[in-house]
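Geometric and topological summary
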Amino acid sequence: MNVDVNIIGVRTMLWSFTRKLLLNKRWIVVLLIAAFLAAVMGYAATLSDDGLYEGSDLMSSLMLTFLLPIMALIYGGSMLRNDMDDRSITTVISSPLDRRVTYLGYYLSLVIALTVMLLIVLFAGWLAFFLIDGMNGEAVGLLLSYSVLLAIGAFVYSSLFLAMGVLIRQPIYLGLIYAFVWEGFIGSVPGAIGDYTIMRQIKVLGAEIVSEGPITGLEGDVMISAAVLVIVTVALFVLGAFAFRDKEMP
């Protein structure tokens, strides 16, 4: 198929799917999460002795470890599955585009929307904390560093949960087990087993770009972690794309 047709098709889907994700009723949930995180971090700032360290710790534990995989699961696991269940996907796959190109449109839209929502929540929490603790250049550096890590995480986790939505009829349940048991519990266990989680690899990158906080003490090879994240993302995307191509739609 003509490359120009594919590019136009993906661009059209990006606009349509991203707008659909950003403008649905879940925005209320995102705003509530942002308000809750701002309240928690604002209160924590009033008790803080070392603002940069503790602010970084909160952004790491609340945004990276918890909200990143959970929001990726909620949006990624249901994105394709909802369209399959209500049969609105029939209109999408009836276009002349290869289904793998269509899947790319879904994936990139998910990454963009997820990154936007995560950055809004991150900014709300960061602003609440450092307006109280004291704003400076290092605080801005923390915001930028965690923004980069969240964007990287959005690429990786989107590939995981979008593929899960194609392969499994009820991806939320397995996704919750993965997020809380594997990423949450196993990832916190001392030793080499934690290296087999996506979050550990993201935090190894964070140890290089974040200036303050417990994350800076995490040991690991940055190049290996970056390579692992790229390989995992590509492998999961390819798995999901081919599964989507061969899947029988209702």
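As a reminder, the structure under discussion sits directly above these lines.
Below: a short report on this structure. (Residues numbered from 1 in each chain as written. Predicted model: local features only at pLDDT ≥ 70, side-chain atom pairs only at ≥ 80, totals over all residues. Heavy atoms only, no water.)

Our next topic: the overall build of the protein. When its secondary structure is counted, the protein shows nine helices and zero strands. In sequence order, the protein lays out its α and β elements as α-α-α-α-α-α-α-α-α. On C-alpha atoms alone, the protein measures out to a radius of gyration of 19 Å, which is about the 18 Å that the 2.2 N^0.38 rule sets for 250 residues. For the protein, the spread of C-alpha atoms along the three principal axes comes to 60 × 40 × 35 Å. When burial is assessed residue by residue, the protein has 48% of its 250 residues classed as buried. Counting contacts in the protein only where the partners sit at least 6 residues apart, residues at least 24 apart contribute 80% of the total. (Helix = DSSP H or I, 4+ residues; strand = E, 2+ residues; numbered from the N terminus. Rg over C-alpha atoms; globule rule 2.2 N^0.38 Å. Buried < 20%, exposed > 50% of the residue type's maximum accessible area, 1.4 Å probe, protein only. Contact = heavy atoms within 4.5 Å.)

On to the packing of aromatic side chains, then. Scanning the model with the defined rule gives eleven aromatic pairs in all. On the numbers, 5.4 Å between centres and 50° between planes, the contact of Tyr103 with Phe237 is tilted. Taken together, the residues Tyr103 in helix 5 (residues 99–133) and Phe237 in helix 9 (residues 222–246) connect sequence positions 134 residues apart. Like Tyr103, the residue Phe237 is buried in the burial classification. Look at Phe129 and Phe130: their rings are 4.9 Å apart centre to centre, the planes differ by 70°, and that puts the pair in the edge-to-face class. A residue is classified by how much of its surface remains accessible, and Phe129, at 0% relative accessible area, is buried. Three or more aromatic residues joined by ring pairs form one cluster here, namely Tyr103, Tyr106, Tyr107, Phe155, Phe237 and Phe244. (Phe/Tyr/Trp six-rings, centres within 6.5 Å; stacked < 30°, edge-to-face > 60°.)

What follows covers the pattern of salt bridges. Under the definition given, this model contains one salt bridge. Across the pair Asp246 and Arg245 runs a salt bridge, and its minimum N-O distance is 2.9 Å. Note on Asp246: relative accessible area 52%, which makes it exposed. (Salt bridge = Lys/Arg side-chain N within 4 Å of Asp/Glu carboxyl O.)

The terminal C-alpha atoms of helix 7 (residues 171–185), which comprises 15 residues, lie 20 Å apart, in line with the 21 Å expected from a rise of 1.5 Å per residue. Taken as a whole, helix 7 carries its principal kink of about 25° at Tyr178. For helix 7, the full list of buried residues reads Pro171, Gly175, Tyr178, Ala179 and Glu183. Those residues of helix 7 that are buried lie in contact with helix 3 (51–85), helix 6 (137–167) and helix 8 (198–209). (Expected span 1.5 Å × (residues − 1). Bend = angle between axes of the 7 residues up to and from the residue.)

Once that is clear, we can look at the nonpolar core. By size, the foremost hydrophobic cluster in this structure holds 72 residues, and its most contacted members are Leu64, Leu80, Tyr103, Tyr146 and Tyr157. Listing elements by their share of this core, those giving two or more residues are helix 1 (3–23), helix 2 (26–46), helix 3, helix 4 (89–93), helix 5, helix 6, helix 8 and helix 9. Those residues within four positions of Tyr146 in sequence are excluded, and the remaining contacts are Ser56, Met59, Ser60, Leu64, Leu122, Val210 and Ile215. (Core = buried A, V, L, I, M, F, W, Y, C linked by side-chain atoms within 4.5 Å.)

Right, let's talk about the environment of Gly105 for a bit. Position of Gly105 relative to the elements: it lies in helix 5. Sequence-wise, Gly105 and Asn6 are 99 residues apart; in three dimensions their C-alpha atoms are separated by 10.0 Å. Excluding residues within four positions of it along the chain, Gly105 makes contact with Met13, Leu14 and Phe17.

The next point concerns the packing of helix 3 against helix 7. Between helix 3 and helix 7, whose axes approach to 10 Å, the crossing angle comes to 165°. In this view, helix 3 runs roughly antiparallel relative to helix 7, as classed from their interaxial angle. The handedness of the crossing between helix 3 and helix 7 comes out as right-handed. Contacts between helix 3 and helix 7 involve Phe66, Ile70, Leu73, Ile74 and Gly77 on the former and, on the latter, Pro171, Ile172, Gly175, Leu176, Ala179 and Phe180. (Axes fitted to C-alpha atoms, helices over the stretch in contact; angles between N-to-C directions. Parallel < 35°, antiparallel > 145°, perpendicular 65-115°, else oblique. Left-handed = near helix turned anticlockwise from the far one by under 90°.)

We now examine a nonpolar patch on the surface. Side chains of Phe66, Ile172, Leu174, Leu176, Ile177, Phe180 and Val181 sit close together on the surface and give an oily, nonpolar patch of about 580 Å² of accessible area. Relative to the elements of secondary structure, Phe180 occurs in helix 7. (Patch = residues over 30% accessible without salt bridge, like charges linked within 9 Å, V, L, I, M, F, W, Y side chains within 5 Å. Areas by Shrake-Rupley, 256 points an atom, 1.4 Å probe, with all protein chains shown as cover.)

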